[in-house]
Amino acid sequence: ALASGIAANGGKPVYGVYSTFIQRAYDQISQDLCINSNAATLIVAWGSVYGMNDITHLGLYDIPMLANIPNLVYLAPTTKEEYLAMLDWSIEQTDYPVAIRVPVAELVSTGKPCTKNFAELNKYEVAQQGGKIAVIALGSFYGMGEQAAKLIEEKTGTAPTLINPYYTTGVDTELLESLKKDHDVVVTLEDGVIDGGFGEKIARFYGPSDVKVINFGLKKEFLDRYNPADVLKENRLTPEQIAEDAVALI
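In this text the structure is predicted, and so the values were computed from the model without any measurement.

Parameters and conventions
- The residue numbering used here restarts from 1 in each chain and proceeds along that chain's sequence as written.
- A pLDDT threshold of at least 70 governs which residues receive local features in this predicted model, and a stricter bar of 80 or more applies before side-chain atom pairs are shown or counted, although totals over entire chains, interfaces and linings include all residues.
- Side-chain numbers here rest on the full set of heavy atoms in the structure, without hydrogens or water.
- Buried Ala, Val, Leu, Ile, Met, Phe, Trp, Tyr and Cys residues form a nonpolar core when they are joined through side-chain atoms within 4.5 Å.
- Each residue is assigned to one of three classes by its accessible area relative to the maximum for its type, calculated with a 1.4 Å probe on protein chains only: buried under 20%, partly exposed between the two thresholds, exposed over 50%.
- Contacts between residues were defined by any pair of non-hydrogen atoms, one from each residue, lying within 4.5 Å.
- Any two strands with at least two DSSP-identified bridges between them are counted as paired.
- A run of H or I in DSSP becomes a helix once it reaches four residues, and a run of E becomes a strand once it reaches two; helices and strands are each numbered from the N terminus.
- As a rule, the C-alpha atoms of each element are fitted with a line to give its axis, helices using only the stretch in contact, and angles between N-to-C directions run from 0 to 180 degrees.
- The handedness rule is simple: strands pointing away from the viewer, and a clockwise path from the first strand over the helix to the second, make the crossover right-handed.
- One less than the number of residues in a helix, times 1.5 Å, gives the span that helix is expected to have.
- Each direction from the helix axis to a C-beta atom contributes to the arc, which is the arc of those directions.
- Only protein atoms enter the calculation, which uses a 1 Å grid: trapped sets of points that fit a 1.4 Å probe without letting it out are cavities, open sets showing protein on both sides within 12 Å along at least five of seven lines are pockets, and any residue with an atom within 4 Å of a point is a lining residue.
- Grid points are joined across faces, edges and corners, and a volume is the space filled by probe spheres set on the points.
- In these notes the angle categories are as follows: under 35 degrees is roughly parallel, over 145 is roughly antiparallel, 65 to 115 is roughly perpendicular, and the rest is oblique.
- Crossings are sorted by hand: turned counterclockwise from the far helix by less than a right angle, the near helix makes the crossing left-handed, and turned clockwise it makes it right-handed.
- The salt bridge criterion pairs a side-chain nitrogen of Lys or Arg with a carboxyl oxygen of Asp or Glu, the two atoms within 4 Å.

The biggest cluster of nonpolar side chains holds 60 residues, and the ones touching the most others in it are Leu60, Leu66, Val187, Leu189 and Leu237. With residues near it in sequence (within four places) discarded, Leu66 still touches Ile22, Ile29, Val44, Leu72, Tyr74, Ala99 and Thr169. Counting residues in hydrophobic clusters, the runner-up holds 13 residues, among them Val73, Ala85, Phe118 and Tyr167.

Rendered as structure tokens:
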């Protein structure tokens, strides 16, 4: 609420918060910040299966919570350069409240500045053009998507399309529509609870079409003192499992 007030008066507040504490301030984010479209920046940390693993401090629920609040732009970077570019844009712009989901797994650095214009909302990036299967891998699970894409190519002989969506809060309808021409299966990956999350937005878009969609994420449950590797395997969130399930739908 304080950050919202600062933004309303022309300031540029940047508020850092652990993913788990968002649920304790949901009303302030919705009512104080987003109804007024005050351009504050929220840095969301530890939003991941790799984050805190205490049952009262899980960081698995922020995507469904934040991605469905009107006026909010929730971004998920995959590299250090993307994160810094998102941060710069969010501080400079004055139109939206922006949240950025800091990657928790290995933070990759490309060594090249990110030049994407984030003001063009909900525009995804095709990192690899392929066919038959499209893999849309969000944020910290992008690396897993890359690995799964390689395995899919080995299994089918055809490289899948690999997409970095950046935005959890909207869908790139133009790009998704274009995939219908030469793709039979669309795979989504997200580092959080799948119910109400990013992947379901993609599945809803393709609902009336012949494109099959398979959403990979974490099931809705309370976990406590868990091993991330075990949880990922139980949710079929290893590159091998993802590739196996995707190819089975062709």
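Whenever strands of a sheet pair, they do so through backbone hydrogen bonds, lying parallel or antiparallel. Across the sheet, which stays open at both edges, the 4 strands sit in the order S1-S2-S4-S3 with parallel pairing between neighbours. What marks the edges here is a single partner per strand, and that holds for strand S1 (14-18) and strand S3 (73-75). Mean inter-strand twist for the sheet, computed between neighbouring axes without regard to direction, equals 20°. Packed onto the sheet, helix H5 (residues 80-92) meets S1, strand S2 (41-45), S3 and strand S4 (98-101) and runs at close to 170° relative to S4.

We now examine the pairing of S4. Along any regular strand the residues' side chains alternate between the sheet's two faces. Alternating residues of S4 divide into Val98 and Ile100 and Ala99 and Arg101, and every residue in both groups is buried. Relative to S4, S3 is paired through 3 bridges, and the arrangement is parallel. Of the residues in S4, the one forming a bridge with Tyr74 is Ala99. In terms of handedness, the path from S3 via H5 over to S4 forms a crossover that is right-handed.

With mixed pairing, the 5 strands of this open sheet are ordered in space as S5-S7-S6-S8-S9. What marks the edges here is a single partner per strand, and that holds for strand S5 (125-128) and strand S9 (212-218). For this sheet, the mean inter-axis angle between neighbouring strands, taken without regard to orientation, is 25°. The sheet contact formed by strand S6 (residues 132-137) and strand S8 (residues 183-193) spans 6 bridges and is parallel. Its bridge partner being in S8, Ala134 is matched across the sheet by Val186.

Here helix H6 (residues 142-156) contains 15 residues, and its C-alpha end-to-end distance of 21 Å stays within 8% of the 21 Å for a straight helix at 1.5 Å per residue. Residues Tyr142, Met144, Gly145, Ala148, Ala149 and Ile152 constitute the buried set of H6. Viewed along the axis of H6, the buried residues span an arc of 140°, placing them on a single side of the element. Across from the buried face of H6, at angles greater than 90 degrees, the exposed residues are Lys150 and Glu154.

It is worth spelling out the side chain of Arg101 at this point. Within the secondary structure, Arg101 sits in strand S4. On the basis of relative accessible area, Arg101 is assigned to the buried category, the value being 6%.

Moving on, we get to the layout of surface pockets. A volume near 590 Å³ is recorded for the largest pocket. Contributing to the lining of the largest pocket are 27 residues, with Thr78, Thr79, Val108, Tyr142 and Glu146 lying nearest its centre. Of all the elements in the fold, those that place two or more residues in the lining of the largest pocket are H5, S5 and H6. Ranked by the residues each element gives to the lining of the largest pocket, the list is headed by H6, at 5 residues.

To continue, consider the packing of H6 against helix H10 (residues 239-247). Following both chains from N to C, one finds H6 and H10 inclined at 50°, their axes separated by 8 Å at the closest point. What the angle tells us is that H6 and H10 run oblique. Judged by the twist between their axes, the crossing of H6 over H10 is right-handed. Residues Met144, Gln147, Ala148, Leu151, Ile152, Lys155 and Thr156 of H6 form the contact with H10, whose participating residues are Pro239, Glu240, Ile242, Ala243, Glu244, Ala246 and Val247.

A complete count under the given rule lists 7 salt bridges for this structure. Measuring nitrogen to oxygen at the nearest pair gives 2.6 Å for the salt bridge that ties Asp62 to Arg101. With a gap of 39 residues between them, Asp62 in helix H4 (residues 62-66) and Arg101 in strand S4 connect regions that are remote in the sequence. For Asp62, a relative accessible area of 0% gives the class buried. In this structure, Arg236 engages Glu244 in a salt bridge whose closest nitrogen and oxygen atoms are separated by 3.4 Å. With relative accessibility at 30%, the residue Arg236 sits in the partly exposed group. Owing to a relative accessible area of 46%, Glu244 belongs among the partly exposed residues under this scheme. Overlapping salt bridges, with partners in common, bring together Asp54, Asp224 and Arg225 in one network.

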